[in-house]
Amino acid sequence: MHGLINRAIQCFVRDTYGPSVWKAVAQSACLPHSNFEPMLLYPLEQTEAAIAATVRVLDRPRDSVLEDMGTYLVSHPNVQALRRLLRFGGVGFTDFLQSLEDLRGRGRLALPDLELPVLVLVEHAPDRYTLTVRAPVAGAGHVMLGLLRAMADDYGALVTLDYLGSKAGDEEIAVHLLDMRFSSGRPFELVAPGG
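As the structure is a computational prediction, the values presented were derived from the model and not from experiment.

## A word on the overall build of the chain
Reasoning step 1: Looking only at helices and strands, the chain features eight helices and four strands.
Reasoning step 2: Order of helices (α) and strands (β) in the chain, N terminus to C terminus: α-α-α-α-α-α-α-β-β-α-β-β.
Reasoning step 3: Computed over the C-alpha atoms, the radius of gyration of the chain is 17 Å, within 12% of the 16 Å expected from 2.2 N^0.38 for a compact globule of 195 residues.
Reasoning step 4: Seen through its principal axes, the chain has C-alpha atoms that stretch 50 × 45 × 30 Å.
Reasoning step 5: When the 195 residues of the chain are sorted by exposure, 43% land in the buried category.
Reasoning step 6: Looking at the chain alone, contacts between residues at least 24 apart form 61% of all its contacts between residues at least 6 apart.
Reasoning step 7: Summed over its atoms, the accessible surface of the chain is roughly 9900 Å², and 58% of this surface lies on carbon and sulfur atoms.
Reasoning step 8: On the chain, the mean spot of the 18 positive side-chain charges and the mean spot of the 23 negative ones are 4 Å from each other.

Structure representation (structure tokens):
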């Protein structure tokens, strides 16, 4: 697993719950180190161990922890680069949804070793979609669910999202767009502040 993914788990725990909780997670997971280097590759078992230890230490359901992680990846001030990358997917939430299938390729342009989930979007009607998530880590669909909720808020869209479950490693999310201009959303500029 790419170190960037493992580092995201570490930063989520550290930024949300504090450095002492991350230390407890690293010890519980029997990690050989307490910090993941973003540009290194790690065995998938270490990623799974870090997630399982986070669930144990926090004493929360895995699905809930993973969904919160997805929300963190878009909404926390320390990870604004990902939010910016996702916002380049379009001016509205519908454009963003339709750009998700390209996200894996865009990630590989920046980091050739980065294995993002395979995302497949099926449009059933102009306001109804199903997003399929295929990833080596079970529960990636819940991370995507949190990310989608945060991005809907970011765009100011009113959206209902339902996790439909997993079949043969593919996780599905139902997306129902209720109001694309529900609120003003968060400000977004093409140029980063100070850039």
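## Some remarks on the side chain of T47
Reasoning step 1: Structurally, T47 can be placed in helix α3 (residues 44–58).
Reasoning step 2: Of the polar contacts made by the side chain of T47, one reaches the side chain of N6; its length is 2.6 Å.
Reasoning step 3: Not counting chain neighbours up to four residues away, the residues in contact with T47 comprise M1, N6, I9 and V137.

## Comments concerning unusual backbone geometry
Reasoning step 1: Look at D59: it is not a glycine, yet its phi comes out positive at around 55°.
Reasoning step 2: Tracing the chain through its elements places D59 in the loop between α3 and α4 (62–75).
Reasoning step 3: Although it is not a glycine, A168 adopts a positive phi angle of roughly 50°.

## Side note on α4
Reasoning step 1: Taking 1.5 Å per residue, 14 residues should reach 20 Å; α4 reaches 20 Å between its end C-alpha atoms and fits that length.
Reasoning step 2: Within the span of α4, buried status applies to V65, L66, E67, M69, G70, Y72, L73 and V74.
Reasoning step 3: Where the residues of α4 are buried, they touch α1 (3–17), α3, α5 (80–87) and α8 (140–155).

## Describing the sheet that holds strand β2 (residues 128–134)
Reasoning step 1: Taking strand neighbours across the sheet as the criterion, the four strands line up as β1-β2-β4-β3 in an open arrangement whose pairing is antiparallel. Here the strands that pair on one side only, and so sit at the sheet edges, are β1 (118–125) and β3 (158–167). The sheet shows a mean angle of 20° between the axes of neighbouring strands, taken without regard to direction.
Reasoning step 2: Pairing analysis gives seven bridges linking β1 to β2, with the strands arranged antiparallel.

Quick notes on the rules
All residue numbers refer to positions counted from 1 along the written sequence of the respective chain. Local features in this predicted model are restricted to residues whose pLDDT is 70 or higher, and side-chain atom pairs enter the listing and the counts only when it is 80 or higher, whereas totals over whole chains, interfaces and linings include all residues. Only hydrogens and water are set aside when side-chain values are computed; all heavy atoms of the structure are taken into account. Helix and strand labels come from DSSP, where a helix needs a run of H or I of at least four residues and a strand needs a run of E of at least two; each type is numbered from the N terminus. We compute the radius of gyration from the C-alpha atoms alone; for a globule the expected value is 2.2 Å times N to the 0.38, where N is the number of residues. A 1.4 Å probe rolled over the protein chains alone gives each residue an accessible area, and that area as a share of the maximum for its type sets the label: buried under 20%, exposed over 50%, partly exposed in between. Throughout, a residue-residue contact means that at least one pair of heavy atoms, one from each residue, lies within 4.5 Å. Accessible surface area values rest on a Shrake-Rupley calculation with a 1.4 Å probe, where residue burial reflects the displayed protein chains alone. Neither His nor the chain termini are counted; the positive set is Lys and Arg, and the negative set is Asp and Glu. Just so you know, the charge point we use is NZ for Lys, CZ for Arg, CG for Asp and CD for Glu. Pairs of N or O atoms within 3.5 Å make up the polar contacts considered here, provided that, within protein, one atom can donate a hydrogen while the other can accept it, and that residues adjacent in sequence are counted only when both atoms are side-chain atoms. Multiplying 1.5 Å by the residue count of a helix minus one yields the expected span of that helix. Any two strands between which DSSP finds at least two bridges are classified as paired. Whenever a helix is involved, its axis is fitted only over the stretch in contact; in every case the axis is a line through C-alpha atoms, and angles between N-to-C directions fall within 0 to 180 degrees.

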